[in-house]
Amino acid sequence: MSTEIHGYAAHSAEADLVPFAFSRRELRPDDVEIEILFCGVCHSDVHHVRNDWGNEEYPIVPGHEIIGRVARVGSDVTRFKAGDIAGVGCLVDSCQACSPCRHGQEHYCNENTLTYADHDRHDGQPTYGGYSENIVVTERFVLHIPDGLDLAGAAPLLCAGITSYSPLRRWQAGPGKQVAVIGLGGLGHMAIKLAKAMGAQVTLFSRSPGKADDAYRLGADRIIFSKDDAQMAQAVSTFDLIIDTVPYNHDVNPYIATLKPDGTLVLLGYLGPLEPTLNSAPMVYRGKSLAGSLIGSLAETQEMLEFCAEHGVTSDVEVIAIQDVNQAYERLLRSDVKYRFVIDLASLRNEAT
Ligand code: NAP
Ligand code: ZN
């Protein structure tokens, strides 16, 4: 038996999100049901809703930065009990058999299941995300939220946090390393905070001069206004690692020039052919690399949450009511958010009663 719950959904790429009633599956033995308290608004939600990546099936209930309270658990669940504070990120399942899954890299499983805009691998039903009252997720994909983290500020850690943390760890951000971040939005502000907490020297590249004060407050040591050719020229051969969070096509060549020999630029945002194309000469002559990275594994997500609790790192959030989510999307598209919108799902419960 399943019960009807409420959420907000997009019914086409052009339409606003509107109230939507649907049902969640009855608990399987390994399922955890979470009453959602807060859900972050990621730029990926906008990409999905607007069909930027193609092949979307509607309705879409977005949301993959989920924090809530465990309401019920299935009979086989051992790691969670009713009342625990729990988190869910971008994935709710994977095949558990392929090489990435067997090596704790379920985010690189070809058959993993997205938290929304996907289908459950057992019953084929559409997955619906965190802009809703509750969610049912297999225990393996549920994270423990350490005590002491502000819950609204912790929600974005489930995507923006891990997506920034993983490449910073992989390319060893830390003392003595020069790390730059391109774009001060949800991912960018987490990348600055995390790189700083790891002990690196941090620079922000931004198109928006108005964000300078915030960037220093968040932990940046230096800001480069990327439209200023003189500032870009001064930064040539400076960085060990650049975290690129720009959501749309952009010229990466001027940023590659600011890498030291052997340095790496990691794309997190834009998916698709680069225009202008990448000049390979700095790769060959100076051993530079262009890489990409997708969220992080479950184990690394749990590690990141513990790191954030230890270092007092959460997201700077604007908490909104779900009724304001369409305005939030418009503001996100204008890069006008400080620095993550987080939906307080109490606003949905109040509407539903
Ligand atoms: P966001 O909050 O909108 O921030 C993006 C920032 O990029 C903006 O604040 C802006 O910063 C800069 N920017 C925006 N448009 C630009 C343009 N056309 N050219 C240059 N700079 C631009 O977005 P987000 O939530 O951080 O997400 C960033 C991207 O990462 C999205 O594409 C999202 O889908 C993707 N993402 C990837 C993963 C992954 O696993 N790889 C996970 C989550 C999200 P300034 O104003 O400072 O220039
Ligand atoms: Zn996301």
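Residues numbered from 1 in each chain as written. Chains lettered and ligands numbered in written order. Predicted model: local features only at pLDDT ≥ 70, side-chain atom pairs only at ≥ 80, totals over all residues. Heavy atoms only, no water.

1. Re the coordination of the zinc ion (ligand 2)
Consideration 1: On the protein side, the zinc ion (ligand 2) has Cys42 (SG), His64 (NE2) and Cys159 (SG) as donor atoms, found 2.0 to 2.2 Å from it.
Consideration 2: Between the donor residues of the zinc ion (ligand 2), the gaps in sequence give the motif C-x21-H-x94-C. A residue pair is termed long-range when its members are at least 10 positions apart, and His64 in the loop between helix 1 (43-49) and strand 4 (66-73) and Cys159 in the loop between helix 3 (151-154) and helix 4 (160-170) qualify at 95 residues. Each member of the pair, His64 together with Cys159, is buried. (Donors = N, O, S within 2.8 Å, 3.2 Å for Na, K, Ca; no water. Helix = DSSP H or I, 4+ residues; strand = E, 2+ residues; numbered from the N terminus. Buried < 20%, exposed > 50% of the residue type's maximum accessible area, 1.4 Å probe, protein only.)

2. Considering the nonpolar core
Consideration 1: Counting 92 residues, the largest nonpolar core has Tyr131, Leu168 and Leu194 as its most contacted members.
Consideration 2: Looking at which element gives the most residues to this core, the answer is strand 3 (residues 31-41), with seven residues.
Consideration 3: For Leu194, the contacting residues outside a window of four places in its chain are Gly161, Ser164, Tyr165, Leu168, Phe307, Cys308 and Val313.
Consideration 4: Within the second largest apolar cluster, 17 residues are counted, among which are Ile224, Ile256, Leu267 and Met283. (Core = buried A, V, L, I, M, F, W, Y, C linked by side-chain atoms within 4.5 Å. Contact = heavy atoms within 4.5 Å.)

3. Here we look at the packing of aromatic side chains
Consideration 1: Under the defined criterion, the tally for this structure stands at six aromatic pairs.
Consideration 2: Three or more aromatic residues joined by ring pairs make a cluster, and in this case those are Phe20, Phe22 and Tyr128. (Phe/Tyr/Trp six-rings, centres within 6.5 Å; stacked < 30°, edge-to-face > 60°.)

4. Some remarks on the site of ligand 1
Consideration 1: Taken together, 27 residues lie near ligand 1, and His43, Ser206, Ser208, Lys211 and Arg340 sit nearest.
Consideration 2: Between Ser206 and ligand 1, the recorded distance is 2.6 Å, taken from a side-chain N or O atom to an oxygen atom.
Consideration 3: Backbone polar atom of Leu268 to a nitrogen atom of ligand 1: 2.9 Å apart, as the coordinates give it.
Consideration 4: For ligand 1, the protein covers 90% of the area, taking 920 Å² as the surface of the free molecule. (Near = heavy atom within 4 Å. Polar contact = N/O pair within 3.5 Å; in protein donor to acceptor, adjacent residues only side chain to side chain. Areas by Shrake-Rupley, 256 points an atom, 1.4 Å probe, with all protein chains shown as cover.)

5. Some points on the domain arrangement of the chain
Consideration 1: Domain assignment breaks the chain into domain 1 (2-159 + 296-303 + 315-352) and domain 2 (160-292).
Consideration 2: In this structure, domain 1 and domain 2 have C-alpha centres spaced 28 Å apart.
Consideration 3: Contact residues are listed per partner, giving 20 residues for domain 1 and 22 residues for domain 2.
Consideration 4: Interface area, domain 1 with domain 2, both sides summed: about 1,800 Å², of which 49% is carbon and sulfur.
Consideration 5: Where domain 1 meets domain 2, there are four salt bridges.
Consideration 6: Among the salt bridges present, the one from Lys193 reaches Asp316, with a minimum N-O distance of 2.5 Å.
Consideration 7: On the surface where domain 1 and domain 2 come into contact, there are 20 residue pairs in polar contact (both at pLDDT 80 or more).
Consideration 8: At the level of secondary structure, the elements contributing two or more residues to the side of domain 1 that touches domain 2 comprise helix 1 and helix 10 (298-311).
Consideration 9: Broken down by element, the side of domain 1 that touches domain 2 gets its largest block of residues, three residues, from helix 10. (Domains from an automatic or database assignment. Buried area = accessible area lost by both parts, 1.4 Å probe. Salt bridge = Lys/Arg side-chain N within 4 Å of Asp/Glu carboxyl O.)

6. Considerations on empty space enclosed by the protein
Consideration 1: Per the counting criterion, the structure on display carries one cavity of 30 Å³ or more.
Consideration 2: The space that makes up the largest cavity amounts to roughly 100 Å³.
Consideration 3: Together, 13 residues line the largest cavity, and Cys90, Leu91, Gly296, Leu298 and Thr301 are the ones closest to its centre. (1 Å grid on protein atoms, 1.4 Å probe; cavity = no way out; pocket = protein on both sides within 12 Å on 5 of 7 lines; lining within 4 Å. Points joined across faces, edges and corners; volume = space filled by probe spheres on them.)

7. Observations regarding the layout of surface pockets
Consideration 1: Taken as a whole, the second largest pocket spans an internal volume of roughly 310 Å³.
Consideration 2: Lining the second largest pocket are 17 residues, and of these Arg24, Arg25, Gln125, Pro126 and Thr127 sit closest to its centre.
Consideration 3: Breaking the lining of the second largest pocket down by element, the ones donating at least two residues are strand 6 (91-93) and strand 8 (134-138).
Consideration 4: Of all the elements, strand 8 adds the most residues to the lining of the second largest pocket, at four residues.
Consideration 5: Partitioned by chemical class, the residues of the lining of the second largest pocket number six nonpolar, six polar and five charged. (Nonpolar A, V, L, I, M, F, W, Y, C, P; charged D, E, K, R; others polar.)

8. A word on the packing of helix 4 against helix 5 (residues 186-197)
Consideration 1: In contact at an axis separation of 8 Å, helix 4 and helix 5 are set at 50° when each is read in the N-to-C sense. Classified by the angle between their axes, helix 4 and helix 5 sit oblique to one another. Pair helix 4 / helix 5 crosses with right-handed handedness. Contacts between helix 4 and helix 5 pair Ala160, Gly161, Thr163, Ser164, Tyr165 and Leu168 from the former with Gly186, Leu187, Met190, Ala191, Leu194 and Ala195 from the latter.
Consideration 2: Split into classes, the residues belonging to the contact of helix 4 with helix 5 amount to eight nonpolar, four polar and no charged. (Axes fitted to C-alpha atoms, helices over the stretch in contact; angles between N-to-C directions. Parallel < 35°, antiparallel > 145°, perpendicular 65-115°, else oblique. Left-handed = near helix turned anticlockwise from the far one by under 90°.)

9. Focus: the sheet that holds strand 13 (residues 239-244)
Consideration 1: The strand order across the open sheet formed by six strands is 12-11-10-13-14-15, and the pairing between neighbours is parallel. Strands with a single pairing partner mark the edges of an open sheet, and in this sheet they are strand 12 (222-225) and strand 15 (289-292). In this sheet, neighbouring strand axes are inclined to one another by 20° on average, regardless of whether the strands run parallel or antiparallel.
Consideration 2: Across the sheet, helix 4 is in contact with strand 10 (178-182), strand 13, strand 14 (259-267) and strand 15; its angle to strand 13 comes to roughly 160°. (Pairing = 2+ DSSP bridges.)

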